[in-house]
Amino acid sequence: MKIAVILRQVPDVVEELVIAEDGRSLAEDEVMDITNEADEHALEEALILKARHAATVTAVGVGGNEAKDALAAAVAKGADDAIFVPIPFKHRGDNVRLASVLSPAMKSGGYDLILTGIWAADQLDAGLAGLLSMRLSIPYVGGVTSISLEPDGTKGIVRKEFPGGRLGVMETSLPAVYGIQSAEQPPRYVPVSRVVQAKRTLRVKEQSEPPEVVVGMRAAKLIKSSSAAKAEMLPGDATQVAEQLVRILRERGIA
Amino acid sequence: MIQREVVVVAEHMAGELSDITLEMLAGAHELARSVGWHLTCLILADDPKPFEALPLAADKVVVIKDSSLGAPNPAAYARVLPHILKDLSARLVFLGNTSIGVDLAGPLSYALGAPAISGCVGIRAEGDRIVVTSRICGGKLVAQTEQGEGLAIVLVMPGSFHRELGMRDEVPPLEVRPVPTALDSLPVRFVELIEPKMEAVDVRKIPILVGIGRGVQSKDNLPSLEILAKELGGALCATRPVVDQGWLPRTRQVGRSGMTVKPRLYLALGVSGAPEHTEGMKESGLIVAVNKDPEAPIFDIAHYGATVDVLELVPILTEKIKEAKGSQ
Amino acid sequence: MSLDQILLTGILGVSTLFFLVRVLTIVRGVRKGLPEKWWDHFGVRVKNVVLDGIFQRKIYRERPAGILHAFIFWAFALLFFSVVEIVAAGYIPGYTLPLGPLNGPLSLGQDLVAALGIVGVLMAVYRRTVSKPRRLMHEGNRAAIVMLLFILTILVSFLLYNAARIVQDAGAAMAGWRPVSGLLATALSAAGWAGIAPGLEPAMWWVHVLSLFTFLAWFPYTKHSHIVFAVFNVFFRKPESPGAMRPVPPERAASPGAGSVRDLTWVSLLNAFACTECGRCTDNCPAHESGAAMDPMHLMMRLRDAVLARGGAASRPGASAADGGTTSEGDLFLAVHSPDAIWSCMTCYACVDGCPVFNNHLSKILEMRRHLTARGEINAGLQGALESLSRYGNSFKATPKARTKWTRAGSLAIRDVREDPVDFLWFVGDYASYDARCQGLTEHTARVFGHAGVSFGILHEDEWNAGNDVRRVGEEGLFETLRDHNAEAMKACTFHDIVTTDPHTYNTLKNEYPHTNGGRVLHYTELLDELIRSGRLQFSRRLPYRITYHDPCYLGRYNGVYDAPRRVLAALGVELVEMPRNRWKSFCCGAGGGRIWMEEIPGETQRPADMRVKEAAALDGVTVLAVACPKDYVMFTDAVKAAGLEGSLQIRDIIELVEEAL
């Protein structure tokens, strides 16, 4: 059984985000990349399946050079192969384009299961998983929180989160694409020494972009949300504060 | 003005329209009104009866009825929707940015050859152009996208529009249609829906939390706080010292060695904002903090704050919320 | 040979056999361990043996215990010669050692130590049965009391034997040199029992021989094996500073740390047989006292069993730690201490510091942590902290740029040591830089330094977490990354000495970092002490407070800095009331060993910080608990709130008091 996991590099929001001069993207040299959190869960789920079903896991690192560090960490955790897919900075976050870049390799790879996070921190368009499934003409379920596979590798049964804490149990044939919400257990810890070791011995297959690539949309304007360093203080006594609070809550549709 | 078609794809569970549907209708209605477009509320269900007499803020309600649409199977929706949307000549399609809508965005976008814009918190039309405001990167960035002509799909974040504006005083005409294509041999088979077990409160799943810290001073003040939480439609959670005192069970503890929560509203009362606590709630949608100390670190991460006496505020706030809900 | 002699030979033979079998079994068990160098720092090792092995300085921390143990110890030491003589007398009647004129003084010595030894034994029995100090009550009393009675029998029979000999022939029995036995002889005669002497002599001889050789055969099977192994244990203990951990040997890099008995060094395993089950370690252990499963004394005792076990429950094939990996014999996590217990340790060093035979419980815990961390089996809170440290160089999941946020407060002008040469490189530390409660203290420190004219600079964002606690949770790889980065950054700077406000940072910079420029590493209290003594720092007022002071673990026990902070406090004019548990007995706040990052440890009923503030608050008239570590400040501030002591006890860092007195 072959499982592919797509790990995307997204801007790290712990660092300060700086808008580029064109006012519609981030400044490339100020951005620090981090692996998309939902993709970390996808990798964890893949490794759990690998332990259960003796599968092989191919980690696909998407983004800039930091993706190679993410691949080393993935291999240190137990992934068997690593593929690096460089994406020019200005096209990151464009899942439509990414789906068209990845689909030839995903098709030819012969994977039984393709996992990725249900959403990416920098995404503006539809999720990668759904778009990829359409290009590959294979079933897709998103928001998955657990996967079990038939021993003969023909069917997958997933649990998907619905609003209100409900869980939907669904079955698909394989191969399929699942968009992971969270793995069955939190992403495991891998000691730094193991990652350092993996970095040293890492063999990565680099995949260049296919000739036919579809471009999705871009933002027309990008601004930092007005998060003042401190809270907006509500003046007045308890009654006045209560009135203002209720007004704010109603504006937000909360009360 | 060319009249275009706006379609809101409704989300519903157990015969009831979800809040997000009403919020989407509110936003779509306002936009449609502003440029004279037509708004249809599209419901895929196995039974139209629960939706028959609803005073929704739409020009028309279309229910696609089929027994296979009883379960929320994303594959069924993905097969049916492209046809319907084409039939309706939709120009703008609203989906919820929820676990249901997110599943549909990709397949619909691909099938219709239309862009899907996620994270939408605001939308307006300028002539024939749609301008969408979205929040990305953990809410730290606001992106504006513009879409000229052609079909566009928008995924609306919960809490972006006012639910009550999705209703109005008349009931729009309702039309029932059959499914446009066969719903057999879907790539995804819906097996079952598991209802959540009603066990002890899981603060991680509650959208509105009232967090209490030592500033509430005594366990005796808990009952009035419980009432406030209930009025808000949420539950109480607490910082570690409060739990250590035994005022609330450990499952209510939020912070480094407790739960991490991301509710839509976190009302922090008497919470100083020590990092061990704020770590567990700083990503909440809206943080309102009340603390006597204006230097309390909680104000660094709160959106709104006040330094009035918590114990004085609570009963007054509870009353005002009751009033506000009563007037709806 | 007479029947008696045959019997004697038999007793000697059987006893020696039992003794040797046991000692050899222990040696064989200990040799399962990994190699460890033991011939370096030879002079230091010999000195240790003399001061701590023979004169046993540490036992004197508790005066009565020190005295009674010395009495019993010297009784054993000197009576060794009498054993030779007495046994030989069984074959050659009237045998005396060919020591010539030394025989007299030797007999005197033996007589006296035998008497003192009896006093010692009686003191010991009193402690176990009447005064009952808590630490002795961790293990049952029965075996200990039986042993004490054996020793008593040996000593009493020795004296009575000589008394009987004196009654019969004072001269031959060297009565002049045996005052105590002589006294007994006189008493016997005075009581009119002189007639029993001919029968008493052989009877006491047999009692002595039997009790002695039964003792000899039995003792290595009990905690009294320390009689043989303690001195060796003292010799082999690591000579370097307590604050310096040993790196993972390159050959163990693939699977670092200890999961089984065979992963510990033989010196480490030897500890188990030097352990006297005295309970000082467990008694002072904050993790144990808070209710966690950690128990240093039982860790040693179970290790002892695990070393000797073969094919027992501890080495069930297939039994394993959490991940189902293969187990070599003696799985430490099953047989000795569970992972929860191992994670509950705060690395406060009270166990090692308290141990009179210089056992190192902590090094085993740290090796076991290395093993767990290598497999990712870490406490959940720890994972977040380690990932944040790895990515951002701090445990707060904050951008490196925010490290210098505190410098932008008010009118502080902090120099950049990367650009300007300074006297002191101030290594600020994570908590001092990032924790909102500590940032105020850091500002105070900068102002005091400025006021005293100290030339200092900081590394700004090039400073990463120093790595002390990272290393102590077993993440050696991450520690090396942090250390190498910091060392590189410092190498490029021009400065004389390093100063820091954080004892954890102090410990690792002083003991575990490469020293490139030969300068000193100082804690800020040491620097203040120097400034006060040289007159460069003067105070305009005396503070009228009645305060107590908490000795930080990494400043006090690890690095011996107890007096500098106290001199600073004295210079401030405060009235210092010592905590009941002060200096080397200081009770840890609970933040160390990565505990401040971890989630709840199961079993914890009371937090160490809460216990400590209550201890401070119970001191009459004391309103301030002074601290010298940012983590102490944070832990105690929270504890005061949790314990409801806000009105009665203030937590203040020494730097705050210093600034107030300027």
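Throughout this description, residue numbers start from 1 for each chain and increase along the sequence as written. Written order decides the labels, with chains lettered from A and ligands numbered from 1. Only residues with pLDDT of at least 70 are given local features in this predicted model, and only at 80 or more are side-chain atom pairs given and counted; all residues enter the totals for whole chains, interfaces and linings.

(A) Representation of the overall build of chain B. Each helix corresponds to a stretch of at least 4 residues labelled H or I by DSSP, and each strand to a stretch of at least 2 residues labelled E; elements are numbered beginning at the N terminus. When you go through chain B residue by residue, the secondary structure sums to eight helices and 17 strands. The principal-axis extents of the C-alpha atoms in chain B amount to approximately 60 × 45 × 35 Å. By the burial criterion, 52% of the 328 residues in chain B qualify as buried. By the convention adopted here, residues are in contact when the distance between their C-beta atoms, placed from the backbone, does not exceed 7 Å. In chain B, 64% of the contacts between residues at least 6 apart in sequence involve partners at least 24 apart. Partly exposed residues are those whose C-beta has more than 12 but fewer than 20 other C-beta atoms within 10 Å; 20 or more makes a residue buried and 12 or fewer makes it exposed, with C-beta atoms placed from the backbone.

(B) How the structure looks around the sheet that holds strand β4 (residues 497–500) of chain C. Residue and element names in this part refer to chain C. Paired strands, in this sense, are two strands between which DSSP finds at least two bridges. Spatially, the five strands line up as an open sheet ordered β1-β3-β2-β4-β5, and their pairing is parallel. Whereas interior strands pair on both sides, the edge strands pair on one side only; in this sheet they are β1 (415–416) and β5 (521–523). Pairing of strand β2 (residues 424–426) with strand β3 (residues 456–458), which is carried by two bridges, proceeds in the parallel orientation. Residue pairing for β3: Leu-425 is matched across the bridge by Gly-457.

(C) Fine view of the packing of helix α19 (residues 436–451) of chain C against helix α26 (residues 630–642) of chain C. Residues and elements named next belong to chain C. Note on geometry: axes are lines fitted to C-alpha atoms, helical ones only across the stretch in contact, with angles between N-to-C directions running from 0 to 180 degrees. Axis separation between α19 and α26 bottoms out at 10 Å; the angle between their running directions is 135°. For the element pair α19 / α26, the angle class is oblique. Of the two elements, α19 crosses α26, and the hand of that crossing is right-handed. Only Pro-630, Tyr-633, Val-634 and Thr-637 of α26 make contact with α19, whose side of the interface consists of Arg-437, Cys-438 and Leu-441. Taken together, the residues of the contact of α19 with α26 sort by class into five nonpolar, one polar and one charged. Any angle from 65 to 115 degrees is called roughly perpendicular, while one under 35 is roughly parallel, one over 145 is roughly antiparallel, and all others are oblique. Handedness of each helix crossing follows the sense of rotation of the near helix against the far helix: counterclockwise by less than a right angle gives left-handed, clockwise gives right-handed. Think of it as three bins: nonpolar holds Ala, Val, Leu, Ile, Met, Phe, Trp, Tyr, Cys and Pro, charged holds Asp, Glu, Lys and Arg, and polar takes everything else, Gly as well.

(D) How the structure looks around the domain arrangement of chain B. When cut into domains, chain B gives domain 1 (5–178) and domain 2 (203–326). Distance from the C-alpha centre of domain 1 of chain B to the C-alpha centre of domain 2 of chain B: 34 Å. Residue ranges assigned to each domain were obtained from an automatic or database domain assignment.

(E) Looking closely at the environment of B:Leu44. Residues and elements named next belong to chain B. Turning to its location among the elements, Leu-44 is positioned in strand β4 (residues 38–45). C-alpha separation for the pair Leu-44 and Val-176, spaced 132 residues apart in sequence, amounts to 9.9 Å. What Leu-44 contacts, discounting residues up to four positions off in sequence, is Ile-64, Leu-69, Tyr-77 and Val-80.

(F) Examining the interface of chain C and chain A more closely. Counting from both sides, the interface comprises 18 residues of chain C and, opposite them, 10 residues of chain A. Secondary-structure elements contributing two or more residues to the side of chain C that touches chain A are α16 (361–374), α17 (380–392) and α21 (476–491) of chain C. Of the residues belonging to the side of chain C that touches chain A, the class tally is seven nonpolar, seven polar and four charged.

(G) Region of interest: the pairing of strand β7 (residues 116–126) of chain B. Residue and element names in this part refer to chain B. Note: β7 against strand β10 (residues 152–156), three bridges, orientation parallel. When the bridges of β10 are listed, Cys-120 appears paired with Val-156. When β7 meets strand β8 (residues 129–136), the two strands line up antiparallel, connected through six bridges. Bridge pairing in β8 places Ile-123 opposite Val-132. Linking β7 to β8, which pair antiparallel, is a turn of two residues; within it Gly-127 sits at a positive phi near 65°.

(H) The interface of chain B and chain A, seen in detail. Every contact between the two is made by 72 residues of chain B and, on the other side, 65 residues of chain A. Of all the elements, helix α8 (residues 310–326) of chain B adds the most residues to the side of chain B that touches chain A, at eight residues. The class makeup of the residues in the side of chain B that touches chain A is 40 nonpolar, 16 polar and 16 charged.

(I) Just the packing of helix α2 (residues 74–87) of chain B against helix α3 (residues 101–112) of chain B, in detail. Residues and elements named next belong to chain B. Look at α2 against α3: their axes get within 9 Å of each other, and the N-to-C directions meet at 40°. The angle between α2 and α3 places the two elements in the oblique class. Relative to α3, α2 is oriented so that their crossing is right-handed. Taking contact as the criterion, the partners of Pro-74, Tyr-77, Ala-78, Leu-81, Pro-82 and Leu-85 in α2 are, on α3, Asp-103, Leu-104, Pro-107, Leu-108, Ala-111 and Leu-112. For the contact of α2 with α3, the class distribution of residues is 11 nonpolar, no polar and one charged.

(J) Structural context of unusual backbone geometry. Of note, the bond from A:Leu174 into A:Pro175 is cis; its omega dihedral lies within 30 degrees of zero at 5°. For C:Tyr349, which is not glycine, the phi torsion reads 80° and is therefore positive. Tracing the backbone through its elements, the reader meets C:Tyr349 in the loop between α14 (339–343) and α15 (350–354). The backbone of C:Arg583 sits at a positive phi, close to 50°, despite the residue not being glycine.

(K) Geometry of the nonpolar core. In plain words, the nonpolar core is the set of buried Ala, Val, Leu, Ile, Met, Phe, Trp, Tyr and Cys residues that C-beta atoms within 7 Å link up. A:Val5, A:Ala59, A:Tyr178, B:Val8, B:Val93, B:Val154 and C:Phe636 are the most contacted members of the largest nonpolar core, which has 282 residues in total. With eight residues, α2(B) is the largest single contributor of residues to this core. Setting aside anything within four residues of it in sequence, one finds B:Val8 in contact with B:Thr21, B:Met24, B:Leu25, B:Ala28, B:Leu39, B:Cys41, B:Leu42, B:Ala58 and B:Phe94. Membership of the second largest hydrophobic core comes to 51 residues, among which are B:Ala229, B:Val271, B:Ile301 and B:Leu317.

(L) Broad picture of the sheet that holds strand β17 (residues 304–306) of chain B. Strand order in the open sheet formed by six strands is β12(A)-β17(B)-β16(B)-β15(B)-β13(B)-β14(B), and the pairing between neighbours is parallel. Looking along the sheet, the strands with just one partner apiece sit at the ends: β12 (232–233) of chain A together with β14 (235–238) of chain B. The sheet contact formed by strand β16 (residues 286–290) of chain B and β17(B) spans three bridges and is parallel. Considered in β17(B), the bridge of B:Ala289 is made with B:Gly305.

(M) Representation of the confidence of the model for chain B within the structure. As a per-residue measure, pLDDT tells how confident the predictor is, with possible values from 0 to 100. For chain B, mean pLDDT is 89; residues scoring 70 or higher make up 96% of the total. Note on the complex model: pTM 0.87, ipTM 0.88.

(N) Structural context of helix α9 (residues 266–274) of chain C. Counting buried residues along α9(C), eight of its nine residues qualify, which places the element largely inside the surrounding structure. Turning to α9(C), the residues buried within the fold contact α1 (3–30), α8 (226–236), α12 (296–308) and α16 of chain C.

(O) Representation of the pairing of β8(B) in the model. All names here are of chain B. Judged by which residues are buried, β8 turns out to be one-sided: Ile-130, Val-132, Ser-134 and Ile-136 face inward and are buried, whereas Arg-129, Val-131, Thr-133 and Arg-135, on the alternate face, are not. Where β8 meets strand β9 (residues 141–147), seven bridges bridge the pair, whose relative direction is antiparallel. Looking across to β9, one finds that Ile-136 is bridged to Leu-141. The antiparallel pairing of β8 with β9 creates a hairpin that spans four residues between the two strands, and Cys-137 there sits at a positive phi of about 50°.

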